Amino acid sequence: MITSTTTPSLNAMFRLQWEKAQNCFVLLFPEGMVKLNGSAGEIMQLIDGEKTVQQITETLQNKFPEGGDLSNDVNEFITTAIEKKWLYNDH
Amino acid sequence: MTIKQTKKLANKQENTQKEATPTTTVGPPLWLLAELTYDCPLHCPYCSNPTELGDTEKELTTQEWCQVFTQAREMGAVQLGFSGGEPLLRKDLEVLVKHARELGFYTNLITSGIGLTEKRIAKLKVAGLDHIQISFQGADPEVNDAIAGRGNAYQQKFNMAKSVKAQGYPMVLNFVISKQNIAQIPEIMRLSCELEADYVELATAQYYGWAYTNRDHLLPSKEQLVESERLVNEFRDQQQGKGPHFIFVTPDYFETRPKACMNGWGTTFLTVTPDGSALPCHSAKMLPLTFPNVKDKSVSDIWQQDFSFDYFRGDDWMPQPCKGCDEKEKDFGGCRCQAYMMTGDMHKTDPVCSKSEDHHLIQQAIESATNPSKAIEKRINHTANKHGKDSSLNITRVKV
Ligand code: SF4
Ligand code: SF4
């Protein structure tokens, strides 16, 4: 389970990169690629091993004030990303 | 060099978004496999390199390779595999890696581990190499070195795998599974844990190049495969999400539907061979088609306009039963090379498919593997070697 103070960091196995040809952010890993949708890309960009889930949510909230409450989306994506081992969950 | 790397790549692609519906324009070659040289210090009987290796003097230069990378990256290629033969034999590997990494490629080194040193691993890291894959032939020196046809290969691989992890790379270990080592699956899994691999491919040999010649000596029985898969599943259950991720690839000979070869001809993969031939699949050179060369044409001309790259795109080329089959979007009629090797006609349905009129050829191959009639042939390497003085390279044919 993640909480608002969870501080996710990118698994060193993966590299996050903007791909012009795909028009999206992708995660690159040995011989593979995951395409991220728009919101997943926005969240991943903010993950630096220092910001907490709450800080990430606030940053996005400020960037997309018309987006309503984003905390569920952020929590859900980060939970999935930890399950998929894209992210480490450092408390 | 084993063939499955490229064939497997598509399976690792995941999406968090729905693909746009395909349009008539061709997508970019996402994966570029650069076969830097066919030279190799090993003699694996399952090697998928062509049995005629060609002339090392005709290898592309550093500049020519860099230009290929630049052109492919401009089109949207993102994964780059440095392969061979043994890519470490190219002295300019670091230069090539650096150029590719600066372009934004994810760079993969696919190596036998022979010729690697701690210093070279560090230099490649500085150049920007993202990942190293080391192939093993077995879980101990006896089995490994007998298959590889070279003494001390195992110890070298073991030491280098340790060093790759110590220097912070993601590491994939690749074990080509055949009759010769299938009994070692439990030891192989233990070794992989000890070496702290991130991914481990337990890939049964696919039958191209030398592997096709030696098929009777390689193809395991159905019973052996079922038992191995059971052992792998049992091991996975005990892992509780820790340790290496094991990928078990069964040979398509025991399936009733073919693999979606190369994720579809000319859709995703581009191989460039040591002399600059551009291929939609790395065994395609055997087909009676004329393939272009990167020395004569740009990568985008090749990908978008060349006759050979367009030849098996879509389904206009398909004969029956594929043409009228509702699974053709799934497997594209299977592997063109396999159809050609087994039936002599590259347009035919892949014999692996149970709907194919040639399916009995697969049954015969399985039968024939229970009782090989000729001796195993070890891969022949160049006699005059451009890259090194290793005397083992002068062995032309070793029968065991
Ligand atoms: S001989 Fe073995 S190590 Fe060398 S290219 Fe072939 S499969 Fe790879
Ligand atoms: S008939 Fe052709 S398209 Fe249909 S499943 Fe077999 S190989 Fe695939």
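If you're wondering where the values come from, they're calculated on a predicted model, not measured in any experiment.

## A closer look at the overall build of chain A
Thinking step 1. For chain A, the helix and strand inventory stands at three helices and five strands.
Thinking step 2. Element order for chain A, N to C, with α for helix and β for strand: β-β-β-β-α-α-α-β.
Thinking step 3. Expected size for 91 residues packed as a compact globule is a radius of gyration near 12 Å; at 13 Å, chain A falls within 12% of this value.
Thinking step 4. Expressed as lengths along the three principal axes of its C-alpha atoms, the size of chain A is roughly 35 × 30 × 20 Å.
Thinking step 5. Split into buried and exposed, the 91 residues of chain A put 47% on the buried side.

## Some remarks on the nonpolar core
Thinking step 1. The biggest cluster of nonpolar side chains holds 112 residues, and the ones touching the most others in it are B:L32, B:F69, B:F82, B:F175 and B:L202.
Thinking step 2. Apart from the residues within four sequence positions on either side, B:L32 is in contact with B:V68, B:F69, B:A72, B:Q79, B:L80, B:G81, B:F105, B:L270 and B:V272.
Thinking step 3. Listed in part, the 26 residues of the second largest apolar core include A:F29, A:I56, A:I78 and B:I247.

## A short note on the site of ligand 2
Thinking step 1. Taken together, the residues surrounding ligand 2 are B:R257, B:P258, B:P321, B:C322, B:C325, B:E327, B:K328, B:D331, B:G333, B:T349, B:C353 and B:K355.
Thinking step 2. Taken together, the residues that form the shell around ligand 2 break down as five nonpolar, two polar and five charged.

## Here's the deal with the pairing of strand β4 (residues 106-111) of chain B
All names here are of chain B.
Thinking step 1. In terms of burial, β4 is largely enclosed, as six of its six residues are buried.
Thinking step 2. Across the two faces of β4 the burial is the same, with Y106, N108 and I110 and T107, L109 and T111 all buried.
Thinking step 3. Read as a crossover between parallel neighbours, the route from strand β3 (residues 79-84) over helix α3 (residues 93-103) to β4 is right-handed.
Thinking step 4. Sheet topology places β4 next to strand β5 (residues 131-136); four bridges connect them, and they run parallel.

## Some words on helix α2 (residues 53-63) of chain A
Residue and element names in this part refer to chain A.
Thinking step 1. Looking at α2, one finds that the buried residues are V53, I56, T57 and L60. Mapping the buried residues of α2 onto a view down its axis gives an arc of 100°, with all of them on the same face.
Thinking step 2. Where the residues of α2 are buried, they touch β1 (7-10), α1 (38-46) and α3 (71-83).

## Looking at the packing of aromatic side chains
Thinking step 1. Per the counting criterion, the structure on display carries 18 aromatic pairs over all chains.
Thinking step 2. Measuring from centroid to centroid gives 5.3 Å for A:F14 and A:F29, while their planes differ by 55°, and the two rings are tilted. With A:F14 in the loop between β1 and β2 (15-19) and A:F29 in strand β3 (residues 24-29), the pair connects residues that are 15 residues apart, well separated along the chain. Taken individually, A:F14 and A:F29 each receive the classification buried, so the pair is uniform in this respect.
Thinking step 3. Considering the side-chain rings of B:F69 and B:F105, the 6.5 Å spacing of their centres and the 75° angle between planes classify their relative orientation as edge-to-face. Separated by 36 residues along the polypeptide, B:F69 in helix α2 (residues 62-75) and B:F105 in the loop between α3 and β4 bring together distant segments of the chain. Pair check on accessibility: B:F69 and B:F105 agree, each one buried.
Thinking step 4. A connected cluster of aromatic rings, assembled from ring pairs, spans B:W265, B:F291, B:F307, B:Y311, B:F312 and B:W317.
Thinking step 5. The ring of B:F312 carries the charged tip of B:R336 above its face, separated from the ring centre by 5.8 Å.

## Some thoughts on the sheet that holds strand β2 (residues 31-37) of chain B
Thinking step 1. Spatially, the nine strands line up as an open sheet ordered β8-β7-β6-β5-β4-β3-β2-β9-β10 (chain B), and their pairing is mixed. Because the sheet does not close on itself, it has two edges, and the strands there are β8 (245-249) and β10 (278-279) of chain B.

## Points about the environment of B:P244
Residue and element names in this part refer to chain B.
Thinking step 1. Counting through the fold element by element, P244 comes out in the loop between α10 (222-239) and β8.
Thinking step 2. Residue P244 is classed as buried on the basis of its relative accessible area, which comes to 5%.
Thinking step 3. Separated by 52 residues in sequence, P244 and S192 place their C-alpha atoms 7.0 Å apart.
Thinking step 4. Contact partners of P244, with chain neighbours within four places excluded, come to S192, C193, A197, D198, V200 and Q239.

## Quick look at the packing of helix α5 (residues 141-148) of chain B against helix α6 (residues 153-166) of chain B
Residues and elements named next belong to chain B.
Thinking step 1. Direction vectors running N to C along α5 and α6 enclose 110°, while the axes themselves pass 8 Å from each other. Judged by the inter-axis angle, α5 sits roughly perpendicular to α6. Along the contact surface, α5 presents P141, N144, D145 and A148, while α6 presents A153, Y154 and K157.
Thinking step 2. Considering only residue class, the contact of α5 with α6 consists of four nonpolar, one polar and two charged.

## Considering α3(A)
All names here are of chain A.
Thinking step 1. If you check α3, its first and last C-alpha atoms are 18 Å apart, about what 13 residues at 1.5 Å a residue would give, namely 18 Å.
Thinking step 2. Where α3 is concerned, the buried positions are V74, F77, I78 and A81. Summarising the axial view, the buried residues of α3 lie within an arc of 95°, below the 170-degree limit, and thus occupy one face. Residues of α3 that are exposed and point over 90 degrees away from its buried face: N72, E76 and E83.
Thinking step 3. Buried positions along α3 lie against β1, α1, α2 and β5 (87-90).
Thinking step 4. Directly after α3, the chain includes K85, whose backbone phi takes a positive value near 65°.

## Quick look at the environment of A:N23
Thinking step 1. Inspection of the secondary structure assignment puts A:N23 in the loop between β2 and β3.
Thinking step 2. The spacing of A:N23 and A:N37 is 14 residues in sequence and 9.7 Å in space, taken between C-alpha atoms.

Rules used in this analysis
- Residues numbered from 1 in each chain as written.
- Chains lettered and ligands numbered in written order.
- Predicted model: local features only at pLDDT ≥ 70, side-chain atom pairs only at ≥ 80, totals over all residues.
- Heavy atoms only, no water.
- Helix = DSSP H or I, 4+ residues; strand = E, 2+ residues; numbered from the N terminus.
- Rg over C-alpha atoms; globule rule 2.2 N^0.38 Å.
- Buried < 20%, exposed > 50% of the residue type's maximum accessible area, 1.4 Å probe, protein only.
- Core = buried A, V, L, I, M, F, W, Y, C linked by side-chain atoms within 4.5 Å.
- Contact = heavy atoms within 4.5 Å.
- Near = heavy atom within 4 Å.
- Nonpolar A, V, L, I, M, F, W, Y, C, P; charged D, E, K, R; others polar.
- Right-handed = clockwise from strand over helix to strand, strands pointing away.
- Pairing = 2+ DSSP bridges.
- Arc of directions from axis to C-beta.
- Phe/Tyr/Trp six-rings, centres within 6.5 Å; stacked < 30°, edge-to-face > 60°.
- Lys NZ or Arg CZ within 6 Å of the ring centre and 35° of its normal.
- Axes fitted to C-alpha atoms, helices over the stretch in contact; angles between N-to-C directions.
- Parallel < 35°, antiparallel > 145°, perpendicular 65-115°, else oblique.
- Expected span 1.5 Å × (residues − 1).

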